Amino acid sequence: MPAARLLPLFLLLMGAARADVGMTLSLQSDARERGQSYSDNQPGAQLGLGWDGTGGWYAGLSLTHVRFDATRRGRWWRAYGGRVITLRPGLDAEAGLVLHRYERLSRYDHAEAFAGLLGEGWQLRLHGAPNHYGSGQRSVYLEANMRWPATAPLAWLAHAGVLHATGNSRWGRPRNADGPTRADLRAGGSWQLGEAVEVQAAWVWASRGGPVMGAAATRRSTAQLTLSAAF
């Protein structure tokens, strides 16, 4: 299905279901995904729609603009859905699927499945993609996210992830000389402004190596400022 048709379909499904619907807008000084910049080390914005249904089901759709370099740029649509199941008080399990579609950059289209555990202030997820960024490589990504309160309305944030790929890229590029694995870290703080607005300041770092991605000349480390508003 073309990416542009995902939005009306998503809105139709949400309108037909009895559930909570919300929208978010995020502005970043350097828009990054798993340590790699998809805004060519420049500011970026993302608009998201989220739907929380009954029985732990949820779905969402996000739209942003990617700038891998001066010539590779376009809209990036992400549609996701999944389910959260309570294992015991304070511990949940989840599983779902994410579809990535890039307008004018369809060579990067791909899908990935994920599963994880969710606790109070922490998340652990494993992602798997059979066709990483359309390269033909298989990849797995393991991430841990933590958030713990400081003096209200402040909180500390931490993220650690490891991306590993197998197979050769169909784009004809050689294997990365630094190996098939890349790690990324993010650490910082959050300031909550009321119930709907949050400001985050963090340091982001990514190692060398790993599979081919769309990002080109990404800085290995940078400071990142994020402003998010929920509606």
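Relevant structure appears above.
Remember, predicted model here, so these are calculated numbers, not experimental data.

It is worth spelling out the overall build of the protein at this point. Across its full length, the protein carries one helix and 14 strands. Counting every position in the protein, which comprises 231 residues, the buried fraction comes to 42%. For the protein, contacts bridging at least 24 residues in sequence account for 51% of all contacts bridging at least 6. Carbon and sulfur atoms make up 62% of the accessible area of the protein, which amounts to about 12300 Å² in all.

A word on the pairing of strand 5 (residues 57-67). With eight of 11 residues buried, strand 5 lies mostly within the body of the structure. In the sheet, strand 4 (residues 44-52) pairs with strand 5 via seven bridges, with the strands oriented antiparallel. Paired with Asp-52 across the bridge in strand 5 is Tyr-58. Between strand 4 and strand 5, which follow one another and run antiparallel, lie four residues, and Gly-55 among them has a positive phi close to 70 degrees. In this structure, the hairpin formed by strand 5 and strand 6 (residues 73-88) is closed by a connection of five residues.

The subject of this paragraph is the pairing of strand 4. For a regular strand, the rule is simple: side chains alternate between the two faces of the sheet. Bridge count for strand 1 (residues 20-28) against strand 4 is nine bridges, and the pairing is antiparallel. Bridge pairing links Gly-22 to Gly-50 in strand 4.

Moving on: a nonpolar patch on the surface. A cluster of nonpolar side chains, Ile-85, Leu-87, Leu-117, Trp-122, Leu-124, Leu-126, Val-140, Leu-142, Met-146, Trp-148 and Trp-156, forms an exposed patch at the surface whose accessible area comes to about 1000 Å². Residue assignment for the nonpolar patch shows that the elements contributing at least two residues are strand 6, strand 9 (122-129) and strand 10 (138-149). Of the residues forming the nonpolar patch, the biggest block, four residues, is contributed by strand 10. Considering the arrangement of structural elements, one finds Leu-126 in strand 9.

Turning our eyes to something else, we now look at the side chain of Arg-34. Checked against the element boundaries, Arg-34 lands in the loop between strand 2 (32-33) and strand 3 (36-37). Relative accessible area serves as the criterion here: at 17%, Arg-34 is assigned to the buried category. There is a polar contact of 3.1 Å between the side chain of Arg-34 and the side chain of Glu-112.

Counting across every chain of the model gives seven salt bridges. A salt bridge links Arg-32 to Asp-30; the shortest N-O distance between them is 3.0 Å. We classify Arg-32 as buried; its relative accessible area is 10%. Residue Arg-34 is joined to Glu-112 by a salt bridge in which the shortest nitrogen-to-oxygen separation is 3.1 Å. Taken as a pair, Arg-34 in the loop between strand 2 and strand 3 and Glu-112 in strand 8 (residues 110-119) lie far apart in primary sequence, 78 residues in all. Glu-112 matches Arg-34 in its accessibility class, with the two residues each being buried. Salt bridges linked by common partners bring Asp-30, Arg-32 and Arg-219 together as one network.

This part is about the sheet that holds strand 5. The 12 strands are arranged 1-4-5-6-7-8-9-10-11-12-13-14 in a closed barrel whose pairing can be described as antiparallel. Taking each pair of neighbouring strands and ignoring which way they run, the sheet shows an average axis angle of 20 degrees. Bridging between strand 13 (residues 197-206) and strand 14 (residues 221-230) involves nine bridges; their strand directions are antiparallel. For Glu-198, the partnering residue across the bridge sits in strand 14 and is Ser-228.

As for its position among the elements, Ala-45 is in strand 4. Ala-45 sits in the partly exposed class, given a relative accessible area of 38%. With 19 residues separating them in the primary sequence, Ala-45 and Ser-26 have C-alpha atoms 5.6 Å apart. Not counting residues up to four positions away in its chain, the partners in contact with Ala-45 are Ser-26, Leu-27, Leu-63, Thr-64 and His-65.

Rules used in this analysis
Residues numbered from 1 in each chain as written. Predicted model: local features only at pLDDT ≥ 70, side-chain atom pairs only at ≥ 80, totals over all residues. Heavy atoms only, no water. Helix = DSSP H or I, 4+ residues; strand = E, 2+ residues; numbered from the N terminus. Buried < 20%, exposed > 50% of the residue type's maximum accessible area, 1.4 Å probe, protein only. Contact = heavy atoms within 4.5 Å. Areas by Shrake-Rupley, 256 points an atom, 1.4 Å probe, with all protein chains shown as cover. Pairing = 2+ DSSP bridges. Patch = residues over 30% accessible without salt bridge, like charges linked within 9 Å, V, L, I, M, F, W, Y side chains within 5 Å. Salt bridge = Lys/Arg side-chain N within 4 Å of Asp/Glu carboxyl O. Polar contact = N/O pair within 3.5 Å; in protein donor to acceptor, adjacent residues only side chain to side chain. Axes fitted to C-alpha atoms, helices over the stretch in contact; angles between N-to-C directions.

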